[in-house]
Amino acid sequence: MTALVFGPAGLLRERIEHGDMPDLFLSANMEHPAALAAARGDGKIQSFARNSLVAVARRKLGLPCRQAAIRPAHFWSPGRWMCS
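What counts and how
Residues numbered from 1 in each chain as written. Predicted model: local features only at pLDDT ≥ 70, side-chain atom pairs only at ≥ 80, totals over all residues. Heavy atoms only, no water. Buried < 20%, exposed > 50% of the residue type's maximum accessible area, 1.4 Å probe, protein only. Helix = DSSP H or I, 4+ residues; strand = E, 2+ residues; numbered from the N terminus. Arc of directions from axis to C-beta. Contact = heavy atoms within 4.5 Å. Salt bridge = Lys/Arg side-chain N within 4 Å of Asp/Glu carboxyl O. Core = buried A, V, L, I, M, F, W, Y, C linked by side-chain atoms within 4.5 Å.

S.K.: Is there a simple way to think about helix H2 (residues 31-40) in this case?
M.R.: Helical geometry: 3.6 residues make up each α-helical turn, so side chains three or four residues apart lie on a common side. Along H2, the residues that are buried comprise His32, Pro33, Leu36 and Ala37. One face of H2 carries all of its buried residues, which in axial projection span an arc of 130°. In H2, the exposed positions angled more than 90 degrees off the buried face are occupied by Glu31, Ala38 and Ala39. Check the buried side of H2 and you find it contacts helix H1 (9-17). Count one or two residues on from H2 and you reach glycine 41, which has phi positive near 70°.

Spelled out as structure tokens, the structure:
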């Protein structure tokens, strides 16, 4: 039987560093699996997914398009895109 364990990747990495032996470790932050692979010298890391952050806000908030993200974000208002 497989047990699924969810939690902050940094804390899960620390558990592995202290002896836990997972079959698979998934993290959105590639630094955690890279640190484990470097410390053990036997692990291979592989990026398996990518994502984007989308902000949805009411126009009356007056959010500038480029303030909320490193790359320009798309802010949506009912019926049309406000920025691209």
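S.K.: Help me out: how do you make sense of H1 in this one?
M.R.: By the burial criterion, the buried members of H1 are Ala9, Gly10, Leu12, Arg13 and Ile16. Buried residues of H1, viewed axially, fall in a sector of 160°; they line one side. Packing partners of the buried residues in H1 comprise H2. In the stretch just after H1, glycine 19 is the one whose phi turns positive, near 120°.

S.K.: What's the story with the pattern of salt bridges in this structure? I'm lost.
M.R.: Note on pairing: side chains with opposite charge can pair once their charged atoms come close. Under the criterion given, the structure shown has two salt bridges. Residues arginine 13 and glutamate 17 are paired through a salt bridge, measuring 3.1 Å at the closest nitrogen-oxygen approach. Highlighted residues: arginine 13 and glutamate 17, both in helix H1, separated by four residues, approximately one helical turn. A relative accessible area of 17% places arginine 13 in the buried class.

S.K.: Where do I start with the nonpolar core in this structure?
M.R.: Buried together is how nonpolar side chains tend to be arranged in soluble globular proteins. Counting residues in each nonpolar core, the largest one holds five residues, listed as Ala9, Leu12, Ile16, Phe25 and Leu36. For this core, the leading source of residues is H1, giving three residues. If near-sequence neighbours (up to four positions away) are discounted, phenylalanine 25 is found in contact with Ala9, Leu12, Arg13, Ile16, His32, Pro33 and Leu36.

S.K.: I keep staring at the environment of asparagine 51 and nothing clicks. Help me out?
M.R.: Residue position: asparagine 51 is located in the loop between H2 and strand S1 (55-56). The exposed category is assigned to asparagine 51, whose relative accessible area is 75%. C-alpha separation for the pair asparagine 51 and alanine 28, spaced 23 residues apart in sequence, amounts to 9.5 Å.

S.K.: Would you mind showing me how to read the side chain of serine 27 here?
M.R.: Secondary-structure assignment places serine 27 in the loop between H1 and H2. For serine 27, a relative accessible area of 12% puts it in the buried group. Setting aside chain neighbours within four positions, we find serine 27 in contact with Ala9, His32 and Pro33.

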